[in-house]
Amino acid sequence: TGGRVVVVGGGFGGATAAKTLGSLDAGLNITLVEPKARYITCPGSNWLFAGLTDLLRLSVDYRTLTEYYGIDLVTDSVESIERERRQLRLTSGRMLAYDRLILSPGIAFNWDSIAGYTPEVAELFPHAWQAGPQTVLLARQLHAMRRGGVVLIVAPPDPYRCPPGPYERASMMACWLSRHNPRGKIIILDPKRGFSKQALFEAGWRRHYRYGEADGLIEWHSLADNPITQLDAQGRTVISDFGDRFSGDVINIIPAQTAATLAVAAGLTDAGGWCPVEPKTSRSLFDEFIHVIGDAAHFSPMPKSAFAANSEAKACAMAVIGLLREVEVPTPSWLNVCYSLITPEHGISVAGVYALDAAQSLVAVAGAGGLSSPAISGSAELEAGYARSVYRNLLKDSFG
Ligand code: FAD
């Protein structure tokens, strides 16, 4: 079939969508717009804090997509979406027309959520929630921290990219401290009452990092009724709603999030800041020619993960081809698996299968997923190996 499909964003969602379209329908005209020549994966980026990897090993390019899947790569940013004309304005000034648009532009930060925390300040107190130079900076700050120093991690409110991410980060930081700075401490200040895989994380922290003891390497505090609302950068202190102060040698603030700026500016988000979609086709509820996948989309109860973005992208590509060919769109089911490392030899996971119910809403299939348990997933050592192989497979599956 002919048809111009433009995919915006060359992350896990966009790359998978472009690759799937290219492998299913050679007649399509597929363009991928992404400003960066190389993509650095957030999955695996927490491993940097334990000294297990580096940015080069977390980087991937688009050569396979262009050479083997016929994707036309445009290294540019989309400035705006002219929805009535079904065209995009790129930063270079170039215009790109589409019959169907797939958006996977990821997240933006809500800079109003913590007073004093701005994009400029984040260059000194990195969030490191988009893997890249900030990840390296945060790792350097951790590795250079004074003996017995304190790392503060300010976790974000739901919903956000990678629900287990802040806690895997604390684990990997503790792994480093246990070897190089054993009197150091990581304090997680959380606006939530609980978090993903909490019982598994806490059991792992007890086993490896003296969690719950006075000299433990990790402390977790729920500040659900009194969240952090302010940063005093000069004083290296974060301040809660009621004025409680917490000082740190290293401060990692992970702000509240929304869909990427492009999606917000195009009027594709709801009051919550995310793009509502019809799950079966991932079509925007606000524009029938635009599909939104990945972190930017509201795909609850699926979490915002690379694995989920990859799964959403495959279903979306099938739907786009069905709509272009004017044939029935297949009814998909979706998958998510999220692994986290507590130590290099201790992995934990959560898995889920998702499907449409009678009302065409997305629901978790009962009994089809779950958390690590020795009976199902084998040992913690095996799961640590799976964490690495799932990462490699996901990268290969998404970027070719
Ligand atoms: P992204 O990967 O963010 O890609 C969006 C792309 O769009 C970017 O490359 C950006 O340059 C581009 N873009 C944005 N705006 C424009 C524009 N205007 N024009 C053109 N291009 C644009 N997930 C897992 O499954 N497993 C894990 O182990 C895991 N670990 C994580 C650890 C950390 C520390 C973090 C932060 C995240 C982790 N995740 C993990 C989550 C995962 O990184 C995201 O869910 C995933 O990247 C979402 O993919 P996406 O395609 O929606 O967005």
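Residues numbered from 1 in each chain as written. Predicted model: local features only at pLDDT ≥ 70, side-chain atom pairs only at ≥ 80, totals over all residues.

The protein goes by NAD(P)/FAD-dependent oxidoreductase in an unreviewed UniProt entry, where it is assigned to Methylomonas subterranea.

The immediate surroundings of the ligand are formed by 37 residues, with Gly9, Gly11, Gly13, Gly106 and Gly294 found nearest. For the shell around the ligand, the secondary structure elements donating two or more residues are helix H1 (12–24), helix H7 (306–325) and strand S23 (334–343). Partitioning the shell around the ligand into residue classes produces 19 nonpolar, 13 polar and five charged. (Near = placed C-beta within 6 Å. Helix = DSSP H or I, 4+ residues; strand = E, 2+ residues; numbered from the N terminus. Nonpolar A, V, L, I, M, F, W, Y, C, P; charged D, E, K, R; others polar.)

Read across the sheet, eight strands follow the order S5-S2-S1-S9-S21-S20-S19-S22 without closing on themselves; strand pairing throughout is mixed. The open sheet has two edge strands, strand S5 (72–74) and strand S22 (297–298), and neither has a second partner. As judged from the two bridges shared by strand S19 (residues 275–278) and S22, these two strands associate in the parallel manner. Following the sheet pairing, cysteine 275 is matched in S22 by alanine 297. Taken strand by strand, H7 contacts strand S1 (4–8), strand S9 (100–103), strand S21 (287–292) and S22, and its axis lies near 175° from that of S9. (Pairing = 2+ DSSP bridges. Contact = placed C-beta atoms within 7 Å. Axes fitted to C-alpha atoms, helices over the stretch in contact; angles between N-to-C directions.)

Residue proline 159 follows aspartate 158 across a cis peptide bond; omega there is -10°. Between serine 300 and the following residue, proline 301, the backbone shows a cis peptide bond with an omega angle of 10°. Of note, proline 301 is situated in the loop between S22 and H7. One non-glycine residue, serine 282, adopts positive backbone phi at about 55°. Along the chain, the position of serine 282 falls in the loop between S19 and strand S20 (283–284). The phi dihedral of glutamate 326 is positive, around 60°, even though this residue is not glycine. For glutamate 326, the position within the fold is in the loop between H7 and S23.

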